[in-house]
Amino acid sequence: MHTRKIPLLDKEGEPTHLIGISEDITELKQAAREKQHLEKQLQQAQKMEAIGLMAGGVAHDLNNILAAITGYPELILKKLPEHSELHKPLRIVRDAGRRAAAVVADLLTVAKGAASTRVPVNLNDLVEEYLDSPEFGKLQKTYPEIAIRLDLDRSLDIISASPVHIKKILMNLVNNAVEAIDGAGTIGIATTNVPGNGKDAPAPTPATGDHVLLQITDTGTGIARDDLDHIFEPFYTKKALGRSGTGLGLAVVWNTVQDHNGRIQVDSTPQGSSFRLYFPVADAEQIFAEDHETMPEATGNGEHILVVDDEPHMRDIACRMLEASGYRATAVSSGEQAVDYLRTNRPDLLVIDMLMPPGLNGRQTYAEIVKLNPGQKAVIVSGFSESDDVRETLSLGAHSFMYKPYTQEQLARAVKDALAG
């Protein structure tokens, strides 16, 4: 309430009466708070976009390098005698490369737009899967004095989400909660339905409609007020770098929530912190029955695959993997060479890298090829996140998109599916 006071004066200029005018400014103050909140979110989004572009470029280069570190050991391990003394060191190299690739995957999530398969899921199922995971089991053994309190709404609505990314959110938030607790404590994991017009709806509500709320709380020491505005920035961390993490955890959380058209709110006091994540409820059209039939073995029958990649080791690895999976493989080093090859040859499928500077990129290459051979089947790959070029290439008729580094099984499955499609 805002009150203005106006004095009434007599002929001598002395005050004789006082008029008070009161105005209810609750709505104005609420509108100002919402405007400030939106401006803060916009600034955060712009900052994350700039950092994400840089991180995405680094991720692309690293993935091309990691493809050799993970790919060659995998190929060698399949040919080594079972009792070879080289098995252990090769597995260590391969697994280290895969762990590095997981960090790069976080960079791609920070870069936003990371390709992910969205399926209808019950958030409770993902919570329970995470609690059954080896990562959580290791956490429990390391911090046995910390208890987990569950409060899961058993009538939870379905959301459309990437299960891998949502479980990554859970892992990062629970890890942070554990490290915020000094000694014994409790971490709460709760889910509930939130009506779009309810008192618990995210503010400001992103759109009309219902949401599912995931809330992670802890009884830790809280987050300093000066740090709250920065906790979702990549590499902003109070932890010991190299010992407690990469500094990407909360950046991954923020970007994943944004990528799912959700909202995130954080409250913190010296008695603990609370992260509230809102995910839109799936539309009826998004909810479908999944086919649980056993997938056939991903092996070929001599089909001819053309690999198009500007990286020599990627061409070599892809061809070796394809040949080991029963395909006949040929490779070219540029989009221009691929177009020339298609003038006189008709491979059954193309595996095309999206980024091949300075010549034609994957989209341009495929666009030229379908002019020569309409309906040409293709799988596109990249060490970068899904982009407009990727989506346009898929719209032109390419079957699917796959990240580098990939395993032999992933490549064989993608090729098998594309040939059958």
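Residues numbered from 1 in each chain as written. Predicted model: local features only at pLDDT ≥ 70, side-chain atom pairs only at ≥ 80, totals over all residues. Heavy atoms only, no water.

Right, let's talk about the sheet that holds strand 6 (residues 185–194) for a bit. Pairing is mixed across the open sheet formed by five strands, whose spatial order is 4-6-7-9-8. Each having just a single partner strand, strand 4 (146–152) and strand 8 (263–269) make up the two edges of the open sheet. The average angle at which neighbouring strand axes cross in this sheet is 10°, direction not considered. Examined bridge by bridge, strand 6 and strand 7 (residues 211–218) share eight bridges and lie antiparallel to one another. By the bridge assignment, Ile189 is partnered in strand 7 with Ile216. (Pairing = 2+ DSSP bridges. Helix = DSSP H or I, 4+ residues; strand = E, 2+ residues; numbered from the N terminus. Axes fitted to C-alpha atoms, helices over the stretch in contact; angles between N-to-C directions.)

On to the side chain of Thr191. Turning to its location among the elements, Thr191 is positioned in strand 6. For Thr191, a relative accessible area of 5% gives the class buried. Among the polar contacts made by the side chain of Thr191, one reaches the main-chain amide nitrogen of Asp153 at a distance of 3.1 Å. Those residues in contact with Thr191 that sit more than four places away from it in its chain are Leu123, Asn124, Asp151, Leu152, Asp153, Leu156, Leu213 and Leu214. (Buried < 20%, exposed > 50% of the residue type's maximum accessible area, 1.4 Å probe, protein only. Polar contact = N/O pair within 3.5 Å; in protein donor to acceptor, adjacent residues only side chain to side chain. Contact = heavy atoms within 4.5 Å.)

Once that is clear, we can look at the nonpolar core. Judged by nonpolar contacts, the single largest core of 38 residues is most densely connected at Leu123, Leu214, Leu277 and Phe279. The leading source of residues in this core is helix 5 (residues 163–180), at eight residues. Counting 23 residues, the second largest nonpolar core, distinct from the first, contains Val351, Ala414, Ala418 and Leu419. (Core = buried A, V, L, I, M, F, W, Y, C linked by side-chain atoms within 4.5 Å.)

Moving on: the pattern of salt bridges. If charged atoms from side chains of opposite charge come close, those side chains can pair. In the structure shown here, the tally under the stated rule is twelve salt bridges. The closest approach of N and O atoms between Lys404 and Asp353, which form a salt bridge, is 3.2 Å. Taken together, the residues Lys404 in the loop between strand 14 (400–403) and helix 12 (408–420) and Asp353 in strand 12 (residues 349–353) connect sequence positions 51 residues apart. For Lys404, a relative accessible area of 2% corresponds to the buried category. Notably, a salt bridge pairs Asp388 with Arg391, separated by 3.0 Å at the nearest N-O pair. Linking Asp388 with Arg391, this pair stays in helix 11 (residues 388–396), spanning three residues, or about one helical turn. Given the relative accessible area of 38%, Arg391 is considered partly exposed. Within this structure, Asp309, Asp353 and Lys404 form a network of salt bridges that share partners. (Salt bridge = Lys/Arg side-chain N within 4 Å of Asp/Glu carboxyl O.)

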